[in-house]
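If you want the building blocks of each chain, they are given just below.
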Amino acid sequence: MAFTLPALPYVFNALEPHIDARTMEIHHGKHHNAYVTNLNNAVAGKPEENLSIEEICKNISKYPVAVRNNGGGHYNHSLFWTSMAANAGGAPTGALADAINAAFGTFDEFKTKFNAAAAGRFGSGWAWLIKDASGKLAITSTPNQDNPLMDVAEVNGTPLLGLDVWEHAYYLNYQNRRPDYCAAFWNVVNWSEVAKRFK
Ligand code: MN3
């Protein structure tokens, strides 16, 4: 198989009470696993089965919609799991903190704008902190399983942090309260991992 489901870097209940164990178990084991299976089926026997998921995303307009949806799903969730950790949260430090302050004013203003992007994404999708081609940080959001690497995205850049706002990411614990889920996310953001991506 060209693509494999990455193991979660923590146990299912590691992010409680902010993200519950049952949601993590279904989200990783069922949803992400299905994206990987369907992506493998979509690329089987084609040259793209030998490409990285990042390379596929960057040229996504060349591929069938099944590759866009499931390849995006695989990339996005792989980044999402590693964007979070137990005993995390807090605030970024060093060069990443400086870049956030330069782009958004303060860390609190950054969080407000990111939460607005996450809450304002109609239907299913993602909110992102990205680094653009000039090295500047920006906030964007994408529908469905699209991401800012994709050549079809409205705003392109390298994802540093992504928040899944599909209902499957929060409905068991938060029902329709997406803003509460978005607020809780800040308690589990793995800023040291985000800082590595920023470098
Ligand atoms: Mn999801």
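Here is a short report on the structure shown in this document. The model shown is predicted, which means the values in this text are computed figures rather than measured ones.

### Concerning the overall build of the protein
Inference 1: A tally of regular secondary structure across the protein gives eight helices and three strands.
Inference 2: A compact globule built from 199 residues would reach a C-alpha radius of gyration of about 16 Å, and the protein, at 16 Å, matches this within 12%.
Inference 3: The principal-axis extent of the C-alpha atoms belonging to the protein is close to 50 × 40 × 30 Å.
Inference 4: Taking all 199 residues of the protein together, 47% fall into the buried category.
Inference 5: Taking the intrachain contacts of the protein between residues at least 6 apart in sequence as the baseline, contacts between residues at least 24 apart amount to 68%.

### Section: helix α3 (residues 65-82)
Inference 1: Relative to the 26 Å expected for 18 residues at 1.5 Å per residue, α3 spans 26 Å between its end C-alpha atoms, a close match to the ideal helical length.
Inference 2: Within α3, the full set of buried residues consists of Val67, Asn70, Gly71, Gly72, Gly73, His74, Tyr75, Asn76, His77, Leu79, Phe80 and Trp81.
Inference 3: Tucked inside the fold, the buried residues of α3 contact α1 (21-43), α2 (53-58), β1 (125-131), β3 (158-164), α7 (178-185) and α8 (191-198).

### Looking at the packing of helix α4 (residues 94-104) against α8
Inference 1: Where α4 meets α8, the closest approach of the two axes is 9 Å, and the angle between their N-to-C directions is 80 degrees. With respect to each other, α4 and α8 are oriented roughly perpendicular. Across the interface between the two elements, Ala95, Leu96, Ala99 and Ile100 from α4 touch Trp191, Val194, Ala195 and Phe198 from α8.
Inference 2: Residues of the contact of α4 with α8, tallied by class, amount to eight nonpolar, no polar and no charged.

### Considerations on the sheet that holds β3
Sheet strands associate in pairs through backbone hydrogen bonding, adopting either a parallel or an antiparallel arrangement.
Inference 1: What the three strands build is an open sheet, ordered β2-β1-β3; its pairing is antiparallel. Bordering the open sheet on either side are β2 (137-143) and β3, each of which pairs with just one other strand. Along the sheet, successive strands turn relative to each other by an average axial angle of 25 degrees, direction set aside.
Inference 2: When β1 meets β3, the two strands line up antiparallel, connected through six bridges.

### Section: the packing of α1 against α3
Inference 1: Across the interface, α1 lies against α3 with an axial gap of 8 Å and an inter-helix angle of 140 degrees. Considered as vectors, α1 and α3 are oriented oblique to each other. You can see that α1 and α3 cross each other, and the crossing is left-handed. Packed against α1, whose contacting residues are Met24, His27, His28, His32, Ala34, Tyr35, Val36, Asn38, Leu39, Ala42 and Val43, the element α3 presents Ala66, Val67, Asn69, Asn70, Gly71, Gly73, His74, His77, Ser78, Phe80 and Trp81 at the interface.

### Details of the environment of isoleucine 26
Inference 1: Relative to the helices and strands, isoleucine 26 resides in helix α1.
Inference 2: Among the residues examined, isoleucine 26 registers a relative accessible area of 25% and is labelled partly exposed.
Inference 3: Counting along the chain gives 65 residues from isoleucine 26 to alanine 91, while the straight-line C-alpha distance between them is 29 Å.
Inference 4: Residues in contact with isoleucine 26, not counting those within four places in the same chain, are His31 and Leu172.

### A closer look at the nonpolar core
Inference 1: One finds Tyr181, Phe185 and Trp191 to be the most contacted residues of the largest nonpolar core, which totals 56 residues.
Inference 2: The contacts of tyrosine 181, once residues within four sequence positions are left out, are Ile19, Phe80, Leu163, Asp164, Val165, Ala169, Tyr170 and Tyr174.

Calculation criteria
- Residues numbered from 1 in each chain as written.
- Predicted model: local features only at pLDDT ≥ 70, side-chain atom pairs only at ≥ 80, totals over all residues.
- Heavy atoms only, no water.
- Helix = DSSP H or I, 4+ residues; strand = E, 2+ residues; numbered from the N terminus.
- Rg over C-alpha atoms; globule rule 2.2 N^0.38 Å.
- Buried < 20%, exposed > 50% of the residue type's maximum accessible area, 1.4 Å probe, protein only.
- Contact = heavy atoms within 4.5 Å.
- Expected span 1.5 Å × (residues − 1).
- Axes fitted to C-alpha atoms, helices over the stretch in contact; angles between N-to-C directions.
- Parallel < 35°, antiparallel > 145°, perpendicular 65-115°, else oblique.
- Nonpolar A, V, L, I, M, F, W, Y, C, P; charged D, E, K, R; others polar.
- Pairing = 2+ DSSP bridges.
- Left-handed = near helix turned anticlockwise from the far one by under 90°.
- Core = buried A, V, L, I, M, F, W, Y, C linked by side-chain atoms within 4.5 Å.

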